[in-house]
Amino acid sequence: MNIVLALVIFSVIILFHELGHFLLAKHNDVRVNEFCLGLGPTVVGFTKGETKYSLKLLPFGGACMMEGEDEASDDDRGFNNKSVLQRASIVAAGPIFNFIMAIAFSLVLVASVGFDRPVLTDVMEGYPAAEAGMQAGDEIVKMGNKRIHLYREVSVYTYFHANESVEVTYERDGEKHTAVLEPLYDQESGRYLFGFYGTTARARGSLADTLRYSVYEVKYWICSTIESLGQLFTGHVGINDMSGPVGIVKTIGDTYTEVKSSGAFMVFLNMLNICILLSANLGIMNLLPIPALDGGRLVFLIVEAVRGKRLDPNKEGAVNLVFLMLLMALMVVIMFNDIRKIVM
């Protein structure tokens, strides 16, 4: 059951990403040679019109293969024979569709269970929050330069900015107050604490609140992904801390095992939450300015627009291929790390 759930989740997210590329390619009259789910040899497929639709052997990944995408083509409907703006819209459509999916799923989740407001439930005596006069019922609206909408954002901020002082803006009885907090090291937990408690219990609101907090939910996952990438590039976390498909399958399985006794609806909501995370994560990762990813292709298009001259499609395709191989090698390393962590 765990693997089935993981395959369904991966398939839905990847298909929607590739659907973005596909629909914008069709809109811009680009010939799509193949639209597939999975990688490797074709298991089953059929051709409708000019496009082959197929299911590949390896269940991870997918592609919208366009004429002239990675090589020169004399076809007027080839990808590289379209304008910079048309190509940029096709490339950007995949990540944008991921964000659209994340917001749509988030809307269902927030409508079902509500949202966690950043309201304090208590403060710890002798710690910075209490010393600054903060108290239960205060609602945090800003930490440093970051706007706060969910209590989970407070937790993430304190995790990524441990041992850093921060100016906290909070509301009490409709009035805003500020306090500069210097975290205090707690021997028992082994962490730096500001000394306040909140809750992840969910509140409900109006339709407007539901729509607004659906966007905040996706923003939370996007910001968490960006913060995690920042930690990776600065060396605070390493490859061993990353998870690939194997680790994600385990997370899905562990979540299912933990909540299945609560009924099908709770399983659905938890899987929906994982879908939001993965869809937002895929959108951000694909926008990284790395060749072979959508972000790298957008960089090539920006360079082309600035210099007013098209790059050699064959050379660009070769660069993309090299980085694709490097990314695949990285995925293999991450996969073995995932397996090692599960076995150990």
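Further up the page is the structure itself.
Computed from a predicted structure; not experimentally measured.

1. Describing the overall build of the protein
Logical step 1: Helix and strand counts for the protein come out as 9 helices and 10 strands.
Logical step 2: By its C-alpha atoms, the protein is 70 × 50 × 45 Å across when sized along the principal axes.
Logical step 3: Out of the 344 residues belonging to the protein, those deemed buried represent 43%.
Logical step 4: Pairs at least 24 apart in sequence give 66% of the contacts found in the protein among residues at least 6 apart.
Logical step 5: Approximately 17,900 Å² of the protein is accessible, and the part contributed by carbon and sulfur atoms is 62%.

2. Here's the deal with the layout of surface pockets
Empty space left among the atoms is revealed by rolling a probe the size of a water molecule over them.
Logical step 1: In this structure, the second largest pocket spans a volume of roughly 340 Å³.
Logical step 2: Forming the boundary of the second largest pocket are 14 residues, of which Thr-158, Arg-191, Tyr-192, Leu-193 and Phe-196 lie nearest the centre.
Logical step 3: Looking at the lining of the second largest pocket, the elements that each hand over two or more residues are α4 (151-160), β9 (191-193) and β10 (196-197).
Logical step 4: A total of 5 residues in the lining of the second largest pocket trace back to one element, the largest contributor, which is α4.
Logical step 5: Each residue belonging to the lining of the second largest pocket can be placed in one class, and the counts come to 10 nonpolar, 3 polar and 1 charged.

3. Quick look at the sheet that holds strand β6 (residues 166-172)
Either a parallel or an antiparallel arrangement is found when strands of a sheet pair, and the pairing is made through backbone hydrogen bonds.
Logical step 1: A sheet is described by the order of its strands in space; here 4 strands give the open sequence β5-β4-β6-β7, paired in antiparallel fashion. Strand pairing shows two members of the sheet lacking a second neighbour, β5 (146-147) and β7 (175-181), which therefore form its edges.
Logical step 2: Across 2 bridges, strand β4 (residues 139-143) lies against β5 in antiparallel orientation. What sits directly across from Met-143, in β5, is Lys-146.
Logical step 3: Sitting on the sheet, α4 is in contact with β4, β5 and β6, with an inclination near 40 degrees to β4.

4. What about the pattern of salt bridges?
Logical step 1: Under the defined criterion, the tally for this structure stands at 17 salt bridges.
Logical step 2: Measuring nitrogen to oxygen at the nearest pair gives 3.0 Å for the salt bridge that ties Asp-29 to Arg-77. A residue pair is termed long-range when its members are at least 10 positions apart, and Asp-29 in the loop between α1 (2-27) and β1 (32-48) and Arg-77 in the loop between β2 (51-66) and α2 (84-113) qualify at 48 residues.
Logical step 3: Among the ionic pairs, Arg-172 bridges to Asp-138, the shortest N-O distance being 2.8 Å. Of this pair, Arg-172 sits in strand β6 while Asp-138 sits in the loop between α3 (128-131) and β4, and the two are 34 residues apart along the sequence.

5. Let's talk about the packing of aromatic side chains
Logical step 1: Tallied over the full model, the rule gives 12 aromatic pairs.
Logical step 2: An angle of 40 degrees between the planes, with centres 5.2 Å apart, marks the rings of Phe-16 and Phe-97 as tilted. One end of the pair, Phe-16, is in helix α1; the other, Phe-97, is in helix α2, and 81 residues separate them in sequence.
Logical step 3: When the ring of Tyr-213 is compared with that of Tyr-216, the centres are 5.1 Å apart and the planes differ by 90 degrees; the resulting orientation is edge-to-face. Highlighted residues: Tyr-213 and Tyr-216, both in helix α5 (residues 207-233), separated by 3 residues, approximately one helical turn. Comparing Tyr-213 with Tyr-216 shows no difference in burial state: the two are buried.

6. Let's talk about the packing of α4 against α5
Logical step 1: Interaxial distance between α4 and α5 falls to 11 Å at its minimum, and their mutual angle equals 5 degrees. One element, α4, and the other, α5, form an angle in the roughly parallel class. In contact with Arg-152, Glu-153, Val-156 and Phe-160 of α4, α5 contributes Glu-217, Lys-219, Tyr-220, Ser-224, Glu-227, Ser-228 and Gln-231.
Logical step 2: Among the residues forming the contact of α4 with α5, the class breakdown is 3 nonpolar, 3 polar and 5 charged.

7. Overview of helix α8 (residues 294-307)
Logical step 1: Relative to the 20 Å expected for 14 residues at 1.5 Å per residue, α8 spans 20 Å between its end C-alpha atoms, a close match to the ideal helical length.
Logical step 2: Within α8, burial applies to Asp-294, Gly-295, Gly-296, Arg-297, Leu-298, Phe-300, Leu-301 and Glu-304.
Logical step 3: Positive phi shows up at Gly-308, right after α8, with a value of about 70 degrees.

What counts, and where the lines are drawn
- Residues numbered from 1 in each chain as written.
- Predicted model: local features only at pLDDT ≥ 70, side-chain atom pairs only at ≥ 80, totals over all residues.
- Heavy atoms only, no water.
- Helix = DSSP H or I, 4+ residues; strand = E, 2+ residues; numbered from the N terminus.
- Buried < 20%, exposed > 50% of the residue type's maximum accessible area, 1.4 Å probe, protein only.
- Contact = heavy atoms within 4.5 Å.
- Areas by Shrake-Rupley, 256 points an atom, 1.4 Å probe, with all protein chains shown as cover.
- 1 Å grid on protein atoms, 1.4 Å probe; cavity = no way out; pocket = protein on both sides within 12 Å on 5 of 7 lines; lining within 4 Å.
- Points joined across faces, edges and corners; volume = space filled by probe spheres on them.
- Nonpolar A, V, L, I, M, F, W, Y, C, P; charged D, E, K, R; others polar.
- Pairing = 2+ DSSP bridges.
- Axes fitted to C-alpha atoms, helices over the stretch in contact; angles between N-to-C directions.
- Salt bridge = Lys/Arg side-chain N within 4 Å of Asp/Glu carboxyl O.
- Phe/Tyr/Trp six-rings, centres within 6.5 Å; stacked < 30°, edge-to-face > 60°.
- Parallel < 35°, antiparallel > 145°, perpendicular 65-115°, else oblique.
- Expected span 1.5 Å × (residues − 1).

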